[in-house]
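Listed below, chain by chain, are the residues.
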Amino acid sequence: FLFRPKQRALATACAAPMAAPAATSANAPKETVYVNNLSEKVNQEEMKKSLYAVFAPFGPIIDIVHFKSNKMRGQAFVVFRDVPAASSAVRQMQGFPFYDKPMKLDYAKAKSDATAKLDGSYLAKVREERTAKRRAEREERKAGAKKEKAAAPKAPREEAADAEMAAPAA
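Residues numbered from 1 in each chain as written. Predicted model: local features only at pLDDT ≥ 70, side-chain atom pairs only at ≥ 80, totals over all residues. Heavy atoms only, no water.

(A) Just the packing of aromatic side chains, in detail. Under the criterion given, the structure shown has four aromatic pairs. Each ring, one from phenylalanine 55 and one from phenylalanine 58, has its centre 6.4 Å from the other, and the planes form 50 degrees; the classification is tilted. Of the residues examined, phenylalanine 58 reaches a relative accessible area of 17% and is grouped as buried. Where phenylalanine 55 meets phenylalanine 80, the ring centres are 6.2 Å apart and the plane angle is 75 degrees; that geometry is what we call edge-to-face. Within this pair, whereas phenylalanine 55 is found in helix α2 (residues 44-55), its partner phenylalanine 80 is found in strand β3 (residues 76-80), the two being separated by 25 residues in sequence. The class of phenylalanine 55 is buried, set by a relative accessible area of 0%. Three or more aromatic residues joined by ring pairs form one cluster here, namely Phe55, Phe58 and Phe80. (Phe/Tyr/Trp six-rings, centres within 6.5 Å; stacked < 30°, edge-to-face > 60°. Buried < 20%, exposed > 50% of the residue type's maximum accessible area, 1.4 Å probe, protein only. Helix = DSSP H or I, 4+ residues; strand = E, 2+ residues; numbered from the N terminus.)

(B) Highlighting the nonpolar core. Grouped together as the largest cluster of nonpolar side chains are 23 residues, with contacts concentrated most on Val35, Leu38, Leu51, Phe55, Phe80, Met103 and Leu105. Broken down by secondary-structure element, the contributors of at least two residues to this core are β1 (32-36), α2, β2 (61-66), β3, α3 (83-93) and β6 (104-107). Broken down by element, this core gets its largest block of residues, five residues, from α3. (Core = buried A, V, L, I, M, F, W, Y, C linked by side-chain atoms within 4.5 Å.)

(C) Here's a closer look at the environment of lysine 48. For lysine 48, the location among the structural elements is in helix α2. Between the C-alpha atoms of lysine 48 and alanine 76, which are 28 residues apart in sequence, the distance is 8.8 Å. Look past the residues within four positions of lysine 48 in its chain and what remains in contact with it is Ile64 and His66. (Contact = heavy atoms within 4.5 Å.)

(D) Molecular detail of the sheet that holds β3. As summarised here, the arrangement of the four strands in space is β2-β3-β1-β6, forming an open sheet in which the pairing is antiparallel. In this open sheet, the two edge strands, each paired with only one partner strand, are β2 and β6. Each strand axis lies, on average, 20 degrees off the axis of its neighbour in the sheet, ignoring direction. The sheet contact formed by β2 and β3 spans five bridges and is antiparallel. (Pairing = 2+ DSSP bridges. Axes fitted to C-alpha atoms, helices over the stretch in contact; angles between N-to-C directions.)

The structure is reproduced here in structure tokens:
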């Protein structure tokens, strides 16, 4: 019975969900844990409650951030009070079957707002500037895409319609 490579990997992950790979992280240990490969069929409140129930035994949880947007679907951030609790969670929960999907965990790339507020390093002004900068970059990309679309050669049918519109009426 043959599997395609993707199906073989899924069958292997489902056959031995507790045999998780070693917790090798590309990011330095932080209080915030990035959780990926979450079910997209569960509503937001239910997912937050479930994540809290699963991660609470590892230590005090400050915040859980879970969005349903297209960019962030299937992902969440769990913010612990201290790094040892987060490290324990990453080591022990890697590959844990959660709503029939094995969770993928890593440390967050940046410090979360919740931990920054706790240690006093949170600056609302810096966050607002960063948000404004990202918004401006996004608008710039949209404007560039519109210019490229406008500069693209028109189909012959569109050119004929444009010529008819530009021709003076007799």
